[in-house]
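As a plain string of letters, each chain reads:
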Amino acid sequence: MPTLNCEACEMLDEIEEKLGLKETELADLFGIRRPSVSGWREAGIPRARRASVERLLDLARVLAREVKESRIPEIVRTRDQWLENRSILETIALHGVEPVYGYLRRLFSYQA
């Protein structure tokens, strides 16, 4: 049985948990196949992908802090005009997390 990279597992597990993702959906966000995510869990996140994983983890933590956690899976899958009629997950897969931060700033600015 292969040894798992604890740090990679913790990061990927937290993203999946907070965003309510299956491993296949997580792979889609990075434009890779599900077996590659399993490989990251064993060998660690490749250096070229580490920043992207960390940014996504930061975004997941922001959502968990600002939004009721049980609502996050629905929120990240709902399409919105501000995201060119895409969901947060679709936007991340196409353009990374930066456009999502702009979207969230707009949403959170309406809070009392």
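Use the structure listed above.
Our subject in this report is the structure included herewith. (Residues numbered from 1 in each chain as written. Predicted model: local features only at pLDDT ≥ 70, side-chain atom pairs only at ≥ 80, totals over all residues. Heavy atoms only, no water.)

## Here we look at helix 6 (residues 88-95)
Then, number 1: What helix 6 keeps buried is the set Ile88, Leu89, Thr91 and Ile92. Down the axis of helix 6, the buried side of the element spans an arc of 160°, and every buried residue falls inside it.
Then, number 2: Residues of helix 6 that are buried in the fold lie against helix 2 (23-30), helix 4 (47-66), helix 5 (72-77) and helix 7 (98-108).
Then, number 3: Count one or two residues on from helix 6 and you reach Gly96, which has phi positive near 85°. (Buried < 20%, exposed > 50% of the residue type's maximum accessible area, 1.4 Å probe, protein only. Helix = DSSP H or I, 4+ residues; strand = E, 2+ residues; numbered from the N terminus. Arc of directions from axis to C-beta. Contact = heavy atoms within 4.5 Å.)

## Notes on the packing of aromatic side chains
Two descriptors summarise a pair of aromatic rings, namely the distance from one centre to the other and the angle between the planes of the rings.
Then, number 1: Inspection of the entire model under this criterion finds two aromatic pairs.
Then, number 2: Ring plane angle 80° and centroid distance 6.2 Å describe the contact between Trp82 and Tyr103, whose orientation is recorded as edge-to-face. One end of the pair, Trp82, is in the loop between helix 5 and helix 6; the other, Tyr103, is in helix 7, with 21 residues separating them in the sequence.
Then, number 3: Of the residues examined, Tyr103 reaches a relative accessible area of 9% and is grouped as buried.
Then, number 4: Sitting above the plane of the Trp82 ring, Arg106 keeps its charged end 4.6 Å from the centroid. (Phe/Tyr/Trp six-rings, centres within 6.5 Å; stacked < 30°, edge-to-face > 60°. Lys NZ or Arg CZ within 6 Å of the ring centre and 35° of its normal.)

## Describing the nonpolar core
Then, number 1: Judged by nonpolar contacts, the single largest core of 34 residues is most densely connected at Leu19, Leu56 and Leu59.
Then, number 2: Elements that contribute at least two residues to this core include exactly helix 1 (6-19), helix 2, helix 3 (34-43), helix 4, helix 5, helix 6 and helix 7.
Then, number 3: Among the elements that make up this core, the one with the highest residue count is helix 4 (eight residues).
Then, number 4: When neighbours within four sequence positions are excluded, Leu59 is seen to be in contact with Ile92, Val97, Val100, Tyr101 and Leu104. (Core = buried A, V, L, I, M, F, W, Y, C linked by side-chain atoms within 4.5 Å.)

## A closer look at the packing of helix 1 against helix 4
Then, number 1: Look at helix 1 against helix 4: their axes get within 9 Å of each other, and the N-to-C directions meet at 40°. Taken together, the axis directions place helix 1 and helix 4 in an arrangement best described as oblique. The two elements helix 1 and helix 4 cross, and the hand of that crossing is left-handed. Only Arg50, Val53, Glu54, Leu56, Leu57, Ala60, Arg61, Leu63 and Ala64 of helix 4 make contact with helix 1, whose side of the interface consists of Glu7, Met11, Leu12, Glu14, Ile15, Lys18 and Leu19.
Then, number 2: Across the contact of helix 1 with helix 4, the residue classes break down as 10 nonpolar, no polar and six charged. (Axes fitted to C-alpha atoms, helices over the stretch in contact; angles between N-to-C directions. Parallel < 35°, antiparallel > 145°, perpendicular 65-115°, else oblique. Left-handed = near helix turned anticlockwise from the far one by under 90°. Nonpolar A, V, L, I, M, F, W, Y, C, P; charged D, E, K, R; others polar.)

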